[in-house]
Amino acid sequence: MGLLSLGTPLHWDQAKHYADHVRHHGITQFLNIWDRLKDRQGDELLWGDEIEYMVVELDEKEKNAVLSLCQTDILAKLQPLTADINAKTDSSVVPPVFHPEYGRYMLESTPGAPYTGNVHDLLLVEANMRFRRHLARSNLEPNQIPVTFTSFPRLGVPGKFTEPYYDPAEAVSSHSLFLPEQITNPHARFPTLTANIRRRRKSKVAINLPIYIDERTPRPFVDPTIPWHRNVFSEDPEARNGAALIDHIYMDAMGFGMGCCCLQLTFQCCNIEQSRRMYDALIPIGPIMLALTAASPLWRGYLADVDCRWNVIAGSVDDRTEEERGLKPLKENKMQIPKSRYDSVDLYISEQWMNRPEYNDSPLPINQSIYDRMRKHGIDDLLSRHIAHLFIRDPIVIFLELIDQDDSKSTDHFENIQSTNWQTLRFKPPPPDSQIGWRVEFRSMEVQMTDFENAAFAVFIVLLSRAIMSMNLNFYVPISKVDENMRRAQQRDAVHQSKFYFRREVFTPASRVNSGAATPMSRTSSSSGAPSPTSPNGANGTNGATNGFHAPQHHYPKQRVMPNCFPPPPPPDEGLPGGSVSEEYAEYTMDEIINGRGDAFPGLVGLVEAYLGTLDMCAAEERKIASYLDLIRRRASGALKTPATWIREFVRAHPAYKHDSVVSQEINYDLMVAVDEIERGVRRAPDLLPEDYVGGDKDSGSIDG
């Protein structure tokens, strides 16, 4: 969720005249942050998650599950309740925070305070998530349920899919054929964002997902549920004039994308250099985790031939004109822009030696005047290009009262553009007048149906981030290959049917013993085949290297607190890498990436297990974290299904399914009931979850650590 400012939002015809003003002052605000905090050092690991819920209302008599547009009422109940918890408990207990989101049926929740690097905090995550869901559920009506479900299967179908029902013909912001105005959060930011994207683009957004062709799916598939001949808004003819593709599921509004739910994580880094290194290291991980968390095969009442939300959201906020999309010669616009403002990362930004220039191999349009200004200010080439690339975008929502700001105290203009570049990773400068440091946000994952799964993936990414930094791991592959991985990650059953580009050798070479620089963390072979870090501060000897690993010279006490500051990776003895980068990567299965390739690579789980060997954990902590890693390991191997596969099979096995790709009202109702029962532990799903999974009915969580 972006910044919810108060004020008078400007229509695009007015807002566009202030675009350069916002960009200029946004850069001034960033440069002020840079000057104040570029040398900030030593921040501890603080991190947190964001989880989004849909509130679904069940009508057992009609066998209908619909979205409840009750966000305002629920938040009004939750906010005083959390305040009461805060008042009645000591400072060690911090109640969670609930936020509004784009969809009026959505809730966003975060922990009330960030987690730290203490091992104990890893075990608080699931309990906190469970408590948040329990708190939300306890303030709903008996026939309402909070589900962590990526995309509502019947959003936009003819008839009733919300409570209360509203007519899409009243959609004055989106002009959608399918979604009513009232589905959008009424805060001025959201309808203005929706309308101004349409106005800037000079058409509605157009999203087309390939339909899953089943035994009785009509061929060609021409969607009979599209109101082809509606004549309410000027854009209504777009569908019949080619925007709606044959054999595809057509969607035409921001709500189809921004109405999805996801799981996001944010980490505070030691300093700006390590935040840039962390940002880069997690870029290739984004599509891997998207595929592994795939959870959205159903769209607008149909089975799609994809498993993920990413392209839907990218299309839902694509404000590029036809010229910027390369469909017409440039005349009114300055440049072609290859991607939507919601898409995968376009540029590695670390200055560490591992980041070879050849990895940034995709087109990168930039705002040249902003780049020149950044360089003149003394900022390096990569960070200048990163910011200048983000600032090719126009600010979409401008509030009249916030046009003139004190750039020494505010970052609203910077965040106006920064926060509406929705990419797989986000590099986040510190906010003004705050103790918060330089951060990285990991944004690709789909939300899972249970808090156990969401906690497993959150903890895994945290531990992987520590392994990356402590072992000096190198995950770089060309950006073009990351983009291809993003495309493959969304394909049906990508975890088992696709291969992904991944680096052949992730371990950095030996460093000079007498270089004076900090050397890589020692590594020995663990039971998983992974190198085991043995030093908490990065020091080791460099003798006895075999198979790329370094035998440890010293052993250090295990730690209860995960470090956040690490020495920079030292350059290799033989000089910086050369040769073709195409020799550095290959295509691998998800099982190979996650679980390893024998002695050649221990897999991401193996790397995490190696890092866990440096931590001081009790047996209960080890068992809990092992259960998280086992979920990820088994999902990658095929022993457990992704949510997308489980959902697809549920639909296709339903007695009411006619093998025509249609997700009927009855099927959707039974699916929502099943998802809720699985989360609560009432229904077993051994092909989706471990046999010993305990549901929310028996474990409602806790915030008392």
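What you see is a predicted model; the values in this text were computed from it and never measured.

Enquirer: So what's going on with the overall build of the protein? Residues and values would help.
Expert: When helices and strands are counted, the protein shows 22 helices and 18 strands. A compact globule built from 705 residues would reach a C-alpha radius of gyration of about 27 Å, and the protein, at 25 Å, matches this within 12%. Judged by the C-alpha coordinates and their principal axes, the protein covers about 75 × 60 × 60 Å. For the protein, buried positions account for 62% of its 705 residues. Nonlocal contacts in the protein, meaning residues at least 24 apart in sequence, comprise 77% of its contacts between residues at least 6 apart. For the protein, the separation between the mean place of its 75 positive charges and that of its 93 negative charges on side chains is 2 Å.

Enquirer: Report on unusual backbone geometry, specifying residues and quantitative values.
Expert: With an omega of 0°, the peptide bond running from Glu163 to Pro164 counts as cis. Following Arg219, the chain continues to Pro220 via a peptide bond in cis, the omega torsion being -5°. Inspection of the secondary structure puts Pro220 in the loop between strand S8 (207-210) and helix H7 (239-243). Backbone geometry places Lys202, a non-glycine residue, at a positive phi of 70°. Looking at where Lys202 falls in the secondary structure, it is placed in the loop between helix H6 (189-201) and S8. Here Arg300, not a glycine, exhibits a phi torsion of approximately 50°, which is positive. Along the polypeptide, Arg300 turns up in the loop between strand S11 (298-299) and strand S12 (302-303). Look at Arg300 and you get buried, because its relative accessible area is 2%.

Enquirer: Any chance you could break down the state of the cysteines for me, citing the residues and the numbers?
Expert: The final tally for this structure, using the stated rule, is one disulfide. Cys270 shares a disulfide with Cys565; S-S distance 2.0 Å. Judged by the torsion about the S-S bond (95°), the Cys270/Cys565 disulfide is right-handed. Taken together, the positions of Cys270 in the loop between strand S10 (263-268) and helix H9 (272-282) and Cys565 in the loop between strand S17 (499-503) and strand S18 (585-589) put the pair 295 residues apart, joining distant regions of the chain. Residue Cys260 stays outside any disulfide, its sulfur separated by 7.5 Å from that of Cys261, the closest cysteine.

Enquirer: How would you sum up the side chain of Asn474? Please name residues and give values.
Expert: Inspection of the secondary structure assignment puts Asn474 in the loop between helix H15 (451-471) and helix H16 (479-489). Of the polar contacts made by the side chain of Asn474, one reaches the backbone nitrogen of Tyr476; its length is 3.0 Å. Those residues within four positions of Asn474 in sequence are excluded, and the remaining contacts are Met354, Arg503, Glu505, Val506 and Thr508.

Enquirer: Any details on the layout of surface pockets? Residues and values, ideally.
Expert: In this structure, the second largest pocket occupies an estimated 590 Å³ of space. Along the wall of the second largest pocket there are 24 residues; nearest its centre are Asp20, Arg23, Arg200, Lys334 and Asp394. Going through the elements one at a time, helix H2 (19-37) and helix H12 (368-376) are the ones with two or more residues in the lining of the second largest pocket. The dominant element in the lining of the second largest pocket, judged by the number of residues it contributes, is H2, at five residues. Residue composition of the lining of the second largest pocket, by class: nine nonpolar, five polar and 10 charged.

Enquirer: Talk me through H6; I want residue IDs and the actual numbers.
Expert: The first and last C-alpha atoms of H6 sit 18 Å apart over 13 residues, in line with the 18 Å expected at 1.5 Å per residue. The element H6 is extensively covered by neighbouring structure, given that 12 of its 13 residues are classed as buried. For H6, the full list of buried residues reads Arg189, Phe190, Pro191, Thr192, Leu193, Thr194, Ala195, Asn196, Ile197, Arg198, Arg200 and Arg201. Residues of H6 that are buried make contact with helix H1 (12-15) and strand S14 (422-423). Positive backbone phi, approximately 70°, marks Lys202, located one or two places after H6.

Enquirer: Explain the packing of helix H5 (residues 124-138) against H15 to me, and be specific about the residues and the numbers.
Expert: Interhelical geometry of H5 versus H15 gives an angle of 140° and a closest axis separation of 9 Å. With respect to H15, the axis of H5 lies oblique. Crossing geometry of H5 relative to H15 is assigned as right-handed. Contacts between H5 and H15 involve Val125, Glu126, Met129, Arg130 and Arg133 from the former and Asp451, Phe452, Asn454, Ala455, Ala458 and Val459 from the latter.

Enquirer: Quick rundown of the environment of Ser350? Include the residues and the values.
Expert: In this structure, Ser350 sits in the loop between strand S13 (342-343) and H12. Each C-alpha atom, one on Ser350 and one on Leu382, is 7.3 Å from the other, the two residues being 32 residues apart in sequence. With near-sequence residues (within four places) excluded, Ser350 lies in contact with Arg276, Arg277, Asp280, Asn355, Leu382 and Tyr476. Polar contacts involving the side chain of Ser350 include one to the main-chain amide nitrogen of Gln352, which spans 3.1 Å.

Enquirer: Summarise the pairing of strand S4 (residues 106-110); cite the residues concerned and give the values.
Expert: Counted residue by residue, S4 has five buried out of five residues, so it is predominantly covered. With burial as the criterion, each face of S4 is covered, one bearing Met106, Glu108 and Thr110 and the other bearing Leu107 and Ser109. Two successive antiparallel strands, strand S3 (residues 97-100) and S4, enclose a turn made up of five residues.

Enquirer: Requested: an account of the environment of Lys77, with residues and values cited.
Expert: Considering the arrangement of structural elements, one finds Lys77 in helix H3 (residues 71-88). Overall, Lys77 belongs to the partly exposed group, its relative accessible area being 38%. Between the C-alpha atom of Lys77 and that of Leu140, which follows or precedes it by 63 residues, the distance is 9.4 Å. In contact with Lys77, not counting residues within four places along its chain, are Asn139 and Glu141.

Procedures and definitions
- Residues numbered from 1 in each chain as written.
- Predicted model: local features only at pLDDT ≥ 70, side-chain atom pairs only at ≥ 80, totals over all residues.
- Heavy atoms only, no water.
- Helix = DSSP H or I, 4+ residues; strand = E, 2+ residues; numbered from the N terminus.
- Rg over C-alpha atoms; globule rule 2.2 N^0.38 Å.
- Buried < 20%, exposed > 50% of the residue type's maximum accessible area, 1.4 Å probe, protein only.
- Contact = heavy atoms within 4.5 Å.
- Lys, Arg positive; Asp, Glu negative; His and termini not counted.
- Charge placed at Lys NZ, Arg CZ, Asp CG, Glu CD.
- Disulfide = S-S within 2.5 Å.
- Polar contact = N/O pair within 3.5 Å; in protein donor to acceptor, adjacent residues only side chain to side chain.
- 1 Å grid on protein atoms, 1.4 Å probe; cavity = no way out; pocket = protein on both sides within 12 Å on 5 of 7 lines; lining within 4 Å.
- Points joined across faces, edges and corners; volume = space filled by probe spheres on them.
- Nonpolar A, V, L, I, M, F, W, Y, C, P; charged D, E, K, R; others polar.
- Expected span 1.5 Å × (residues − 1).
- Axes fitted to C-alpha atoms, helices over the stretch in contact; angles between N-to-C directions.
- Parallel < 35°, antiparallel > 145°, perpendicular 65-115°, else oblique.
- Left-handed = near helix turned anticlockwise from the far one by under 90°.
- Pairing = 2+ DSSP bridges.

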